[in-house]
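# Architecture and fold: a report
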Amino acid sequence: MIAAGTVSITLGEVAASLALIAVAIAVSFWRRAELEQDIAVAVIRSFLQLTAVGYVIQAIFDSDSLWLVAALLAGMVGFGAWTARGRAKGVPDATGPIVLALAVAAAVTLGLVIALGIFKAEPRYLVPVGGMVIGNSMTAVAVALNRLADEMHDGRRQIEAMLALGATSFQAARAIVARSLRSGMIPLVDSTKTTGIVFFPGTMVGMLIAGAEPVDAVRLQLVLLWVLLGAVALSGLIATSLGYRGFFTDSHQLREQPPP
Amino acid sequence: MSLSIPYGSTALLGPSGSGKSTLLRLLNRLADPDAGVVRFHGTDVRELDPLDLRRRVGLVPQLPAPVPGSVADNVRFGPRLEGREVDPEPPVRLAGLDPSFLDRDASRLSVGEQQRVMLARALALEPEMLLLDEPTASLDADATAAVEHALRNLHDLSYVLVTHNAEQADRLTERTIRLEQGRVHR
């Protein structure tokens, strides 16, 4: 049994939690949600990916090398950019802006929390915080760019009417860029508002289970939530501010676009 | 295809799909031709600043596309893009709308009224020339008459009217250029 004060969990205990997966699959089968296969893939992928990254993190902790931390975070940026790119197919030439958004968000937020003395520049802090920053930024960027593509497609007539009045590409896209940034940030803003009331965030849950004092668990959670808000704002800003340009030529013309 | 459009009012007449609207978009550089040259006062338009060109050659779109806000907000929109404030009343009068429309929400007007707001918005930039892309295609008879009346009162302004309606071309313009399948039909 998992008990307070210990952080040692057997494979048997992990396997026992599959009972809840059985419930999920049963629900899907019963109501014909047709998610059984996806749930199975999700379970297998989460097991393999987390196990693999567990060994990688262990190796990095053992080596205590900041270079390896940087390499791991760079890999996360690459994979996160690839995932976000897939969800933002309607944005032309989006790869560069997405990579830049994730990389800058990670570098600036990690740099700040170290400079402010919140965390030490050690793998034990940089790896998990960096992973959270990149993961949340990836989701925000994907949502924002998806919205950007939809609105640029639906708003074509309005945008061209503004261009015809002598608006620059930026002036014509400004309202859409603002709404896209907003839609990327809102989920985290809302969950930060309701945190502790409607749901307990993962870090706090993890620390409480691992036996930390509630006050410490809460403080660490606050730091992480606030760091994430900054990271998500930064990555959303970069992705939308650069992403909209792919829709225009240098002569402030709207490019022909396939539907998103 | 080769054609020149002189001062005054010119109709580009042709069936849908004949390339009228595309041709219009080349004139203010909302698009560039795959081949060939468009000249404005003898200068290749690609050598002009596209934003300046679009202020000098205003476009009224086929369907109204107002920005959120009042009629006055819409009329001020173009000049504000370059940091200028204008009195919205003269262009609104010129477009055949009563100044009482200025404070009304543009998105709540009828399509015919919105189309005259589009005309006023283009006029607010004091263009040398207007491009009118089937400005009455989506309007009923009364609204069409109102827009045509406004256009006939633009005495000193050159404009190019794209239309598929030969009678409208005769009513509104001094000369007509017929387009068929992307070619000038003389």
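In what follows, the accompanying structure is described.

How each quantity is defined
- Residues numbered from 1 in each chain as written.
- Chains lettered and ligands numbered in written order.
- Predicted model: local features only at pLDDT ≥ 70, side-chain atom pairs only at ≥ 80, totals over all residues.
- Heavy atoms only, no water.
- Salt bridge = Lys/Arg side-chain N within 4 Å of Asp/Glu carboxyl O.
- Buried < 20%, exposed > 50% of the residue type's maximum accessible area, 1.4 Å probe, protein only.
- Helix = DSSP H or I, 4+ residues; strand = E, 2+ residues; numbered from the N terminus.
- Contact = heavy atoms within 4.5 Å.
- Buried area = accessible area lost by both parts, 1.4 Å probe.
- Polar contact = N/O pair within 3.5 Å; in protein donor to acceptor, adjacent residues only side chain to side chain.
- Pairing = 2+ DSSP bridges.
- Axes fitted to C-alpha atoms, helices over the stretch in contact; angles between N-to-C directions.
- Patch = residues over 30% accessible without salt bridge, like charges linked within 9 Å, V, L, I, M, F, W, Y side chains within 5 Å.
- Areas by Shrake-Rupley, 256 points an atom, 1.4 Å probe, with all protein chains shown as cover.
- Right-handed = clockwise from strand over helix to strand, strands pointing away.

## Describing the pattern of salt bridges
The full count for this structure, using the stated rule, is 19 salt bridges over all chains. With a closest N to O distance of 3.3 Å, D44 of chain B and R46 of chain B form a salt bridge. When its relative accessible area of 15% is taken as the criterion, D44 of chain B is described as buried. Classification of R46 of chain B by relative accessible area gives partly exposed; the value is 41%. A network of salt bridges, in which partner residues are shared, links R147, E151 and R179 of chain A.

## Comments concerning the side chain of S137 of chain A
Summarising the element assignment, S137 of chain A is placed in helix α6 (residues 123-154). The residues touching S137 of chain A, leaving out its near neighbours within four places in the chain, are L102, A105, A231, V232 and S235 of chain A.

## Focus on the interface of chain A and chain B
Between chain A and chain B, the contact holds 16 residues from the first and 22 residues from the second. With both sides pooled, the region where chain A packs onto chain B buries about 1,700 Å², and carbon together with sulfur makes up 56% of that total. Of all residues in chain A, A164, L165 and Q253 of chain A give up the largest surface area on contact with chain B, accounting jointly for 36% of the area buried on that side. Residue R25 of chain B pairs with E160 of chain A through a salt bridge whose shortest N-O separation is 2.4 Å. Across the contact surface, chain A and chain B share 10 residue pairs in polar contact (both at pLDDT 80 or more).

## Section: the sheet that holds strand β6 (residues 158-163) of chain B
Residue and element names in this part refer to chain B. With mixed pairing, the 6 strands of this open sheet are ordered in space as β4-β5-β6-β1-β7-β8. The open sheet has two free edges, formed respectively by β4 (57-60) and β8 (183-185), since each of these has just one partner strand. The mean angle between the axes of side-by-side strands here comes to 25°, regardless of whether they run parallel or antiparallel. Taken together, the 5 bridges between strand β5 (residues 129-133) and β6 define a ladder with parallel strand orientation. Each residue of the ladder has a partner; that of L132, found in β6, is L161.

## A look at a nonpolar patch on the surface
All names here are of chain A. A cluster of nonpolar side chains, I9, L11, V14, I44, F47 and L48, forms an exposed patch at the surface whose accessible area comes to about 600 Å². Elements with a contribution of two residues or more to the nonpolar patch: α1 (11-16) and α3 (36-63). For the nonpolar patch, the leading source of residues is α3, giving 3 residues. Tracing the backbone shows I9 in the segment before α1.

## Some details on the side chain of Q221 of chain A
Residue and element names in this part refer to chain A. Here Q221 lies in helix α10 (residues 214-243). With a relative accessible area of 5%, Q221 lands in the buried category. Those residues in contact with Q221 that sit more than four places away from it in its chain are P201, G202, T203 and M204.

## Considering unusual backbone geometry
The phi angle at D93 of chain A is positive, at roughly 50°, despite the residue not being glycine. Tracing the backbone through its elements, the reader meets D93 of chain A in the loop between α4 (66-87) and α5 (95-115). With a relative accessible area of 62%, D93 of chain A lands in the exposed category. For E134 of chain B, which is not glycine, the phi dihedral falls at a positive 45°. Mapping E134 of chain B onto the fold places it in the loop between β5 and α6 (141-152). For E134 of chain B, a relative accessible area of 9% gives the class buried.

## Considering the pairing of β5 of chain B
Residues and elements named next belong to chain B. Of all the 5 residues making up β5, 5 are buried; the element is thus mostly covered by neighbouring parts of the structure. Of the two faces of β5, the one lined by M129, L131 and D133 and the one lined by L130 and L132 are each fully buried. Regarding the hand of the β-α-β motif, the stretch spanning β5, α6 and β6 is right-handed.

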